[in-house]
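# Report on the structure
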Amino acid sequence: MSEQQPAEVPAEVIEAGRVRLAEWLTAQAPSPDLGATPEDLADWQARPAEEFLVFVPPGYANQVFLVAEHGVSSFAPSEQSLEEAMAAARPQA
């Protein structure tokens with residue numbers, strides 16, 4: 001039985017996701033100087049999951065970020081599965 005590899009994500013798509021995530025993190029920060037730049041996120045792992053890019057900070061991370069065209073959200077993998085987080089992050093019709 002072979003495991004299906006995730007589709008390769010173009011570098012420009014990952015970079016656009018980093019820019020969007022950095023802007024979101026900066027908006028969430030208590031002050032702009034505590035925000036993030038795309039360069040700060042360069043060593044974060046990024047992988048596709050359905051319509052999202054999943055960004056995981058290096059080291060032990062209990063906060064993972066979902067980036068999509070419709071927004072950014074975060075979740076703690078110790079409290080919620082990726083599938084649950086993606087369902088919660090989708091726009092409600």
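Phi at E50 takes a positive value of approximately 55°, unusual for a residue other than glycine. If you trace the backbone, E50 turns up in the loop between β1 (45-49) and β2 (52-56).

This part is about the sheet that holds β1. With antiparallel pairing, the four strands of this open sheet are ordered in space as β1-β2-β3-β4. Strands at the two margins of the open sheet, each flanked by one partner only, are β1 and β4 (71-75). Recorded for the sheet is a direction-independent mean angle of 25° between the axes of neighbouring strands. Summarising the sheet, strand β3 (residues 64-68) and β4 pair through five bridges and their orientation is antiparallel. Bridging from a neighbouring strand, L66 pairs with S73 of β4. Its contacts with the sheet place helix α2 (residues 82-89) against β1, β2, β3 and β4, and it is angled at close to 45° to β3.

So, on to α2. Buried within α2 we find L82, A85, M86 and A89. Viewed along the axis of α2, the buried residues span an arc of 100°, placing them on a single side of the element. Residues of α2 that are exposed and angled more than 90 degrees away from the buried face: E83 and A88. In this fold, the buried residues of α2 make contact with β1, β2, β3 and β4.

What counts as what
- Residues numbered from 1 in each chain as written.
- Predicted model: local features only at pLDDT ≥ 70, side-chain atom pairs only at ≥ 80, totals over all residues.
- Heavy atoms only, no water.
- Helix = DSSP H or I, 4+ residues; strand = E, 2+ residues; numbered from the N terminus.
- Pairing = 2+ DSSP bridges.
- Axes fitted to C-alpha atoms, helices over the stretch in contact; angles between N-to-C directions.
- Contact = heavy atoms within 4.5 Å.
- Buried < 20%, exposed > 50% of the residue type's maximum accessible area, 1.4 Å probe, protein only.
- Arc of directions from axis to C-beta.

Any link to function would need more than the numbers given here.
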